[in-house]
Structure formats: C-alpha cells, structure tokens
Amino acid sequence: KTMLRGKTYNAKTEEIMRAIRPAGKYPEQYWRNIIQQSKTVEETIENLKGNEYYELLRTLQEEWRTNLAECENKLEHQYYESLLHSVKTRSEANTLFIDFIRREIDIINLKTLLMTKYENVEPDKISTMILPNGELQEKTIKRLIQAADFTVFLEELQQLQNSEAIKDKNGTITQTGSLTQEIR
C-alpha cells in the first residue's frame, strides 16, 4: 500500500523506503528492488507477481488512481485477514499475538469511525471501511456506525469498556473542533 501510494505521487525511492516497515518473509532489499525497478503503479503491481497481494492488486489496478482510499482499504482488509489466518494458536505467545492484532484492528476501526463520523460520512460507506475480526463486538461497531451525529457517536464511544482515554479527549475535540491530535 505504501509503495503504491508513493508511486502514485512520484515519491523518490528513499522517501518510500522510509515509510516501509519491512518484516516477515520479505526483506528490505525485496521492497527496494521493486521500487527501483518500477516507474509507475502498473509496473509496481506487475513486479509484485508472486506476492500474495498480486491478484488483488491486479483487480484494483484500473481504479487505483481514481479511488485510492477504497483500494487501500481493500488491501488493508486482506492484510489483516491473512495475518490472522497465518498465526496458529498453538502457544500462549501466538495467542497473545492474535489478541494484539485484534486490538490493533479495533484501534484502526476506532480511528476510522472518529474521522468518518466527524466528517458525516454515510453509515453504508463507513461499514465498507471497517475491518472485521477485532475484539469489539459487531453489534457495538454497528451501533457506533449508526450514531445519528458526531456528538451522539462520542456519547456511544464513552460507553465502551476502557473508555477513560476517550472521555478525556472528548472535551478537547469539542473545544478545538479538530481530531488532529486525538487520532495520531
């Protein structure tokens, strides 16, 4: 996703590499080679042949320039789905890792909800952006998505377990009219 975004905006190799966090089965040099060998998004996708994201990227290639956010969202969905399926719960360490991933999904979803509810995005559109398999129950996510407005959304958010941090930030959001500091 980072690499394709960089190619979309004609970023230099080093700029793209600073944003990439190589981990897992692909070393840093793998990503560097693809970036250096590709001048366009299309070439980048073609150079990813053999990568588990290649087929999805090929299907998204036409809409990449016109609907970047939706394409990135589809990639993120596949990433987390693949990540969760790749970790077997045979050990306590793996179980803890899965819990960590599910919490990360919740954090991403809460950030998405904060931004989209603040911008009055339609609930149907928000639903397509939400990543599945977090720890928050689906009915809770649906309730947050369906909140009538941002104020009601914040009230619903405060009902969540461990919402002390959210309660502390609610006044800041209301006073400043900005989410900038709260979602970073």
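Residues numbered from 1 in each chain as written. Predicted model: local features only at pLDDT ≥ 70, side-chain atom pairs only at ≥ 80, totals over all residues. Heavy atoms only, no water.

Chemist: Now, about the pattern of salt bridges: what can you tell me, with residues and values included?
Modeler: All told, the structure shown has 13 salt bridges when counted by the stated rule. Ionic pairing is found between Glu42 and Arg65, a salt bridge with its closest N-O pair at 3.7 Å. With a gap of 23 residues between them, Glu42 in helix α4 (residues 41-47) and Arg65 in the loop between α5 (54-60) and α6 (68-86) connect regions that are remote in the sequence. Overall, the relative accessible area of 31% leaves Glu42 in the partly exposed class. Given the relative accessible area of 48%, Arg65 is considered partly exposed. When the shortest N-O distance is used, the salt bridge between Lys142 and Glu138 registers 3.2 Å. Of this pair, Lys142 and Glu138 both sit in helix α9 (residues 138-145), four residues apart, which is roughly one turn of the helix. Classification of Lys142 as partly exposed rests on a relative accessible area of 47%. Given the relative accessible area of 57%, Glu138 is considered exposed. (Salt bridge = Lys/Arg side-chain N within 4 Å of Asp/Glu carboxyl O. Helix = DSSP H or I, 4+ residues; strand = E, 2+ residues; numbered from the N terminus. Buried < 20%, exposed > 50% of the residue type's maximum accessible area, 1.4 Å probe, protein only.)

Chemist: Outline the packing of aromatic side chains, supporting the account with residue identities and numerical values.
Modeler: Scanning the model with the defined rule gives seven aromatic pairs in all. Geometrically, the ring pair formed by Tyr26 and Trp31 is edge-to-face, given 5.5 Å between the ring centres and 70 degrees between the ring planes. Like Tyr26, the residue Trp31 is buried in the burial classification. Consider the rings of Tyr118 and Phe150, whose centres lie 5.1 Å apart with planes at 80 degrees: the pair is edge-to-face. Placement of Tyr118 in helix α7 (residues 92-118) and of Phe150 in helix α10 (residues 150-157) is noted, with a sequence separation of 32 residues between them. Classification of Phe150 by relative accessible area gives buried; the value is 12%. Through a chain of ring-to-ring contacts, the aromatic side chains of Tyr26, Tyr30 and Trp31 assemble into a single cluster. (Phe/Tyr/Trp six-rings, centres within 6.5 Å; stacked < 30°, edge-to-face > 60°.)

Chemist: Describe the side chain of Arg32, listing the residues and the values that go with them.
Modeler: Within the secondary structure layout, Arg32 lies in helix α3 (residues 28-37). Classification of Arg32 as buried rests on a relative accessible area of 16%. Side chain to side chain, Arg32 and Glu14 meet in a polar contact 2.6 Å long. In this structure Arg32 touches Thr13, Glu14 and Met17, once residues within four positions along its chain are discounted. (Polar contact = N/O pair within 3.5 Å; in protein donor to acceptor, adjacent residues only side chain to side chain. Contact = heavy atoms within 4.5 Å.)

Chemist: Account for unusual backbone geometry, naming residues and giving values.
Modeler: At Asn120, a position not held by glycine, the phi torsion is positive, near 60 degrees. With respect to the element layout, Asn120 can be found in the loop between α7 and α8 (123-129). Phi angles above zero are rare outside glycine, and Asn133 is one such case at about 80 degrees. The topology assignment puts Asn133 in the loop between α8 and α9. Here Asn133 falls in the partly exposed class, since its relative accessible area comes to 39%.

Chemist: Please provide a residue-by-residue account of the packing of α6 against α7, values included.
Modeler: In helix packing, the relevant descriptors are the interaxial angle and the interaxial distance, both defined with respect to the helix axes. At a closest axis distance of 10 Å, the pairing of α6 and α7 adopts a crossing angle of 160 degrees. By the angle between their directions, the pair α6 and α7 is classed as roughly antiparallel. You can see that α6 and α7 cross each other, and the crossing is left-handed. Where α6 abuts α7, its residues Glu76, Tyr80, Leu83 and Leu84 lie against Phe97, Ile98, Ile101, Arg102, Glu104, Ile105 and Ile108. Grouping the constituent residues of the contact of α6 with α7 by class yields eight nonpolar, no polar and three charged. (Axes fitted to C-alpha atoms, helices over the stretch in contact; angles between N-to-C directions. Parallel < 35°, antiparallel > 145°, perpendicular 65-115°, else oblique. Left-handed = near helix turned anticlockwise from the far one by under 90°. Nonpolar A, V, L, I, M, F, W, Y, C, P; charged D, E, K, R; others polar.)

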